[in-house]
Amino acid sequence: MHFHDTRHTPKTWLIEDDIPEIAQARRLGHRLAGVRGIYSHVTPVMIARITNSLQARWQASQPPATTAHRRLYAA
């Protein structure tokens, strides 16, 4: 396992979630070459889609909360 390998999973998730290529590139710190990079721009809607899709994946990976846990954090 190399440090760079940790970027493969998030990139794959972005592809699975139909995030536009320009938004994927920006998220990973890349630039698109040529015309695509010049005329494509990331919009607030794209950023929200990335945030929502990654949040949904995070929430789905969490174990269900116990009753005691829910009472503790309900306030």
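Just so you know, these numbers come straight off a predicted model, no measurement behind them.

K.L.:
Looking at this structure, I do not really get the pattern of salt bridges. What am I missing?
P.N.:
Between side chains of opposite charge, a pair can form as their charged atoms come close. By the definition in use, this model includes 3 salt bridges. One salt bridge in this structure joins arginine 57 and glutamate 16, with 2.7 Å as the shortest N-O distance. In this pair, arginine 57 sits in helix 4 (residues 44-61) while glutamate 16 sits in helix 1 (residues 8-16), placing the two residues 41 residues apart along the sequence. A relative accessible area of 25% means that arginine 57 is categorised as partly exposed.

K.L.:
How should the side chain of glutamine 24 be read in this particular structure?
P.N.:
Structurally, the position occupied by glutamine 24 is in helix 2 (residues 21-27). A distance of 2.3 Å separates the side chain of glutamine 24 from the side chain of lysine 11, its partner in a polar contact. Residues within four places of glutamine 24 in sequence aside, it is in contact with Lys11, Leu14, Ile15 and Ile19.

What counts as what
- Residues numbered from 1 in each chain as written.
- Predicted model: local features only at pLDDT ≥ 70, side-chain atom pairs only at ≥ 80, totals over all residues.
- Heavy atoms only, no water.
- Salt bridge = Lys/Arg side-chain N within 4 Å of Asp/Glu carboxyl O.
- Helix = DSSP H or I, 4+ residues; strand = E, 2+ residues; numbered from the N terminus.
- Buried < 20%, exposed > 50% of the residue type's maximum accessible area, 1.4 Å probe, protein only.
- Polar contact = N/O pair within 3.5 Å; in protein donor to acceptor, adjacent residues only side chain to side chain.
- Contact = heavy atoms within 4.5 Å.

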